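Residue-level structural notes
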Amino acid sequence: MSRESPPARPYRGVSQDERRAQRRSQLIAAAIQVYGERGYRQATVKAVCEAAGLTERYFYESFANSEDLLIASYNAVTYAVFGEIRASGVSSGATRAERARAMLRAYFAALQRDPRSARVFLVEIRGVSRAVDKAFDTSLRAIGEEVARIAGPEAGVSDPLLQAGVVGGVIHIALRWIEDGYAPDIDSVTDSAMRLVMVEPRPALA
């Protein structure tokens, strides 16, 4: 009869699962740094592992391949930024315009504060593979639905195509802003995005 392996002993009070989760977090943080500095296509597993201070065997403990790590890195950046955007919208004023402005400003501020994360969020995710594109599209859909829920209930912005158009338009404004060296200032770029976001949807013709 086969015997079950004994459970791994904690190392310095930290369980094996906790150590594995910590290594995964280290690799994601290192990937954001390396992708932001070199670009995803110029990065290697070895470079990410070196930045994380880990050997390559630990990479394959958490990730199937580089694309898997790119998706995890993208999601980490995306949902951290989105958490800031959502908090800004919820805590801002009562009107749609006040909520929209607060959320847009929080978005642009996050991109400007951490250019490496911004590159992963907006540039490196595009065109790598179908799996990566799917992760990108899934996140945009979720963000569009939540932003519409917080920022635009009075306007009845429930059309998923309209949501996609607004989110995509704001992303293109952000890309141009980054390419231009974060110019003009954050208030000006927020004003530009507001003109897109605040377009009222017209009811369908009878």
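In this report, we go over the structure that sits alongside the text. (Residues numbered from 1 in each chain as written. Predicted model: local features only at pLDDT ≥ 70, side-chain atom pairs only at ≥ 80, totals over all residues. Heavy atoms only, no water.)

1. Here's the deal with the overall build of the chain
The condition that has to hold: Counting from the N terminus, the helices are DSSP H or I runs at least four residues long and the strands are E runs at least two residues long. Think of it in three bands: residues with accessible area under 20% of the maximum for their type are buried, residues over 50% are exposed, and the middle band is partly exposed, with areas taken using a 1.4 Å probe on protein chains only. The contact criterion used is simple: two residues touch if any of their non-hydrogen atoms lie within 4.5 Å.
Check the secondary structure of the chain and you find nine helices and zero strands. In sequence order, the chain lays out its α and β elements as α-α-α-α-α-α-α-α-α. Of all 206 residues assigned to the chain, the portion counted as buried reaches 40%. Contacts in the chain between residues far apart in sequence, at least 24 positions, make up 69% of those at least 6 positions apart.

2. Here's the deal with helix α9 (residues 186-197)
Note: α-helices contain 3.6 residues per turn, so residues at a spacing of three or four share the same orientation. What counts here: A helix is expected to reach a length of 1.5 Å times the quantity of its residues less one. The arc in question is the one spanned by the directions pointing from the helix axis to the C-beta atoms. Pairs of N or O atoms are called polar contacts if they sit within 3.5 Å, as long as, within protein, a hydrogen donor faces a hydrogen acceptor (for residues adjacent in sequence, only side-chain-to-side-chain pairs).
Here α9 is twelve residues long and its end C-alpha atoms lie 16 Å apart, about the 16 Å a rise of 1.5 Å per residue gives. Those residues of α9 not exposed but buried are Ile-186, Val-189, Thr-190, Ala-193, Met-194 and Val-197. Taken around the axis of α9, the buried residues stretch over an arc of 145°, which confines them to a single face. Summarising the contacts, the buried residues of α9 are in contact with α5 (96-113) and α8 (160-179). N-capping of α9 is provided by Asp-185, with a side-chain oxygen placed 3.1 Å from the backbone N of Asp-187.

3. Structural notes on unusual backbone geometry
Look at the link from Ala-183 to Pro-184: it is a cis peptide, with omega at 5°. Inspection of the secondary structure puts Pro-184 in the loop between α8 and α9. At Tyr-182, a residue that is not glycine, the phi angle is positive and equals roughly 60°. Checked against the element boundaries, Tyr-182 lands in the loop between α8 and α9. Residue classification places Tyr-182 among the buried positions, given a relative accessible area of 17%.

All quantities given are derived from atomic positions and should not be read as evidence of function.
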